[in-house]
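# Chain and residue survey
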Amino acid sequence: MAFRGSKLVIEILIHQGPDNKLDARLATMEPGGGSEGDYSHAGEEFGFIIRGTFELTVEGVAYILREGDTFYFESRQPHRFRNIGDEEVQILWVNHPPSW
């Protein structure tokens, strides 16, 4: 699934069903790509940076994450993200409960 204008492609890794407790996806972002501003929703999120340099902002605090780094936060906190590097970023991203 690609998001027009965001330079972001999401691959769903777990088939979504009514009994699923989480979802997992592979997010691939081109340089300059990312979310379009802050958003929030119910749940929690975990991620593992597979490749690239990534900026994650949670409640106004920016974190620079690189290959091998992880993140975790409660999804109700306003958050946004972007690829601040000059190469493609890949992230294994897991949400509980499923947000898609």
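Analysis parameters
- Residues numbered from 1 in each chain as written.
- Predicted model: local features only at pLDDT ≥ 70, side-chain atom pairs only at ≥ 80, totals over all residues.
- Heavy atoms only, no water.
- Helix = DSSP H or I, 4+ residues; strand = E, 2+ residues; numbered from the N terminus.
- Polar contact = N/O pair within 3.5 Å; in protein donor to acceptor, adjacent residues only side chain to side chain.
- Contact = heavy atoms within 4.5 Å.
- Salt bridge = Lys/Arg side-chain N within 4 Å of Asp/Glu carboxyl O.
- Buried < 20%, exposed > 50% of the residue type's maximum accessible area, 1.4 Å probe, protein only.
- Patch = residues over 30% accessible without salt bridge, like charges linked within 9 Å, V, L, I, M, F, W, Y side chains within 5 Å.
- Areas by Shrake-Rupley, 256 points an atom, 1.4 Å probe, with all protein chains shown as cover.
- Lys, Arg positive; Asp, Glu negative; His and termini not counted.

### Description of the side chain of Thr 28
Along the polypeptide, Thr 28 turns up in strand 3 (residues 23-29). Of note is the side chain of Thr 28, whose polar atom sits 3.3 Å from the side chain of Gln 90. Dropping the residues within four chain positions of it, Thr 28 is found in contact with Lys 7, Leu 8, Val 9, Glu 88, Val 89 and Gln 90.

### Considering the pattern of salt bridges
Considering all chains together, one arrives at five salt bridges under this definition. With a shortest N-O distance of 2.6 Å, Arg 82 and Glu 55 are connected by a salt bridge. Of this pair, Arg 82 sits in strand 8 (residues 79-83) while Glu 55 sits in strand 5 (residues 53-58), and the two are 27 residues apart along the sequence. Look at Glu 55 and you get buried, because its relative accessible area is 14%. A salt bridge links Glu 74 to Arg 76, with the shortest nitrogen-to-oxygen separation between them at 2.8 Å. Overall, the relative accessible area of 56% leaves Arg 76 in the exposed class.

### Thoughts on the environment of Gly 34
Within the fold, Gly 34 resides in the loop between strand 3 and strand 4 (44-51). Look at Gly 34 and you get buried, because its relative accessible area is 7%.

### Details of a nonpolar patch on the surface
A cluster of nonpolar residues, Phe 46, Phe 48, Ile 50 and Tyr 72, forms a patch on the protein surface that exposes about 370 Å² of accessible area. Among the elements that take part in the nonpolar patch, strand 4 stands out by supplying three residues, more than any other. Looking at where Ile 50 falls in the secondary structure, it is placed in strand 4.

### Comments concerning unusual backbone geometry
One non-glycine residue, Glu 59, adopts positive backbone phi at about 50°. Classification of Glu 59 by relative accessible area gives partly exposed; the value is 49%.

### What to know about the side chain of Glu 45
Take Glu 45: it is sitting in strand 4. This buried residue, Glu 45, is left without a salt bridge; Arg 25 holds the nearest opposite charge, at 5.9 Å. At a separation of 3.0 Å, a polar atom in the side chain of Glu 45 contacts the side chain of Ser 75. A distance of 2.6 Å separates a polar atom in the side chain of Glu 45 from a polar atom in the side chain of Trp 93. When residues no more than four places from it in sequence are discounted, the contact partners of Glu 45 are Phe 71, Tyr 72, Phe 73, Ser 75, His 79, Trp 93, Val 94 and Asn 95.

Remember, this is a structural readout, not a statement about activity or role.
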